[in-house]
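# Per-entry structural report
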Amino acid sequence: MTTELLIANKRSGKIWDVSNCTQIATWTTNRTGSPGTFKFTLNKAGDVAFLEGDTVRFSVDGQLQFYGWVFTKEKDRWDVINVTCYDRLRYLKASASYAFYGQKAGDIIKQIAEDFQLTTGALADTGYAIPSLIEQEQTCLDIIGGAVQQTLLNTGKIYVFYDDGDGLALQEAADMISPVVIGERSLLAEYTYKTDIDAQTYNSVKLARPNEKTGRADVFVAQDSGTIKQWGLLQLYQTVDGDLNDAQLKAQAKASLSYFNRRMRTLNVSSLGVPGLRAGQMVLMKVPGIGDINLDQYVLLDRVTHTWTNDDHTMEFETLAI
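Model, not experiment: these values are computed from the prediction. Every chain is numbered independently, its residues counted from 1 as its sequence is written. Totals for whole chains, interfaces and linings use every residue, but because this is a predicted model, local features are given only for residues with pLDDT of at least 70 and side-chain atom pairs only at 80 or more, for both listing and counting. Calculated side-chain values reflect all of the structure's heavy atoms, with hydrogen atoms and water omitted.

### What to know about the nonpolar core
For this analysis, a nonpolar core means a set of buried residues of the types Ala, Val, Leu, Ile, Met, Phe, Trp, Tyr and Cys, connected via side-chain atoms within 4.5 Å. Each residue's exposure class comes from its accessible area (1.4 Å probe, protein chains only) as a fraction of the maximum for that residue type: buried when under 20%, exposed when over 50%, partly exposed otherwise. If you look at the biggest cluster of nonpolar residues, it comprises 24 residues, and the most contacted ones within it are L92, I112, F161 and L168. Only DSSP runs of H or I covering at least 4 residues are called helices, and only runs of E covering at least 2 are called strands; the numbering of each starts at the N terminus. Of all the elements in the fold, those that place two or more residues in this core are β8 (95–103), α1 (105–115), β10 (130–139), α2 (140–155), β11 (159–163) and β12 (168–172). Residue contacts for L92: discarding those within four places in its chain leaves I112, L118, T139, C140, L141, I144, F161 and L168. Residues V48, F58, F66 and I81 belong to the second largest nonpolar core, which totals 21 residues. Two residues form a contact once any of their heavy atoms are found within 4.5 Å.

See the structure below:
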């Protein structure tokens, strides 16, 4: 395994490869809600000098793993420096107000990217135009997350918003399948498996649309009497945009119920590292006797953390095994 960790100083134009003086490096991605994070611990050597805002590029065997910017430095008396870097999604933590009408998630991402002078990579055409999305003083990351969530609830397709190294990207998870197989005879080290109906399970969905004429909300309900009998009533109540018509709201309530009306299965895995594997991708897992199931299916990665120390590469990831 050959690693390359480059730091480029914007002011001087100098570039250093600090791979040989790096003790440990970690790269973490989450499927939603946060930027990619790269951290490394460096023994300062030679004329290496960099500041916040300088760029960092990390590759393994010629394959780009992370490209981003230095945000935090911490140095001790022995010249050991801990560095934290983020990718482009970090700049979307800025707050803003937007009103979008009849635009797809990719169009919304492109508009926000232009406003914040961020480049874009491949943006998938979701085929679904969101009737309206109005947000006041929300982070751009949350606004885009809301657009992706609305697309999921109305199409049943999971899309992943991330930084692909070239720019902000949007891709369907089904198009991000890794060829890797992880199981008892392939890469797997340890795992923990949890089932619950606590955090993200709902068997009754109520959508309330404000009605200015009556002064009351129009409510649309979708529920499953079978799981209500088994689990009790687990209700999700949301206020939705007044521009949505009855048919759209009924379809959204039905789609939301289909997505949330299930017992959650969470799998946390420790394994040997697979370069480039990131949250949002799907991998084939083969783990027999994992509790109530024999796992032999593709799973969606919610969070992935890679760790490189010397010549060792390991990773930990969390997936919802449905």
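### Observations concerning unusual backbone geometry
For D61, which is not a glycine, the phi torsion comes out positive at approximately 50 degrees. Checked against the element boundaries, D61 lands in the loop between β5 (55–60) and β6 (63–75). With a phi angle near 50 degrees, E137 is a residue other than glycine that sits in the positive phi range. Tracing the backbone through its elements, the reader meets E137 in strand β10.

### What to know about the pattern of salt bridges
Salt bridges are defined by distance alone: a side-chain nitrogen of Lys or Arg within 4 Å of a carboxyl oxygen of Asp or Glu. Enumeration over the complete set of coordinates arrives at nine salt bridges. In this structure, D163 and R88 form a salt bridge, with 3.0 Å as the shortest nitrogen-oxygen distance. Residue D163 is located in strand β11, and its partner R88 is located in the loop between β7 (80–86) and β8; the two are separated by 75 residues in the primary sequence. Side by side, D163 and R88 carry an identical accessibility label, which is buried. The salt bridge partner of K286 is D296, with a shortest N-O separation of 3.0 Å. With K286 in strand β19 (residues 282–287) and D296 in strand β20 (residues 295–309), this pair connects stretches of sequence that are 10 residues apart.

### Considerations on the sheet that holds strand β9 (residues 120–123)
Spatially, the three strands line up as an open sheet ordered β9-β12-β11, and their pairing is mixed. Looking at strand neighbours, the two that pair on one side only are β9 and β11, the edges of this open sheet. Neighbour to neighbour, the strand axes of the sheet diverge by 20 degrees on average, direction disregarded. Strands qualify as paired when DSSP identifies two bridges or more between them. Looking at chain direction, β9 and β12 are connected through two bridges and run parallel. Paired with L123 across the bridge in β12 is L170. Only C-alpha atoms enter the line fits that serve as axes; for helices the fit covers just the stretch in contact. Angles between N-to-C directions range over 0 to 180 degrees. Contacts from α1 reach β9, β11 and β12, with the element oriented near 170 degrees to β12. Contacts from α2 reach β11 and β12, with the element oriented near 155 degrees to β11.

The analysis is restricted to geometry; functional conclusions fall outside its scope.
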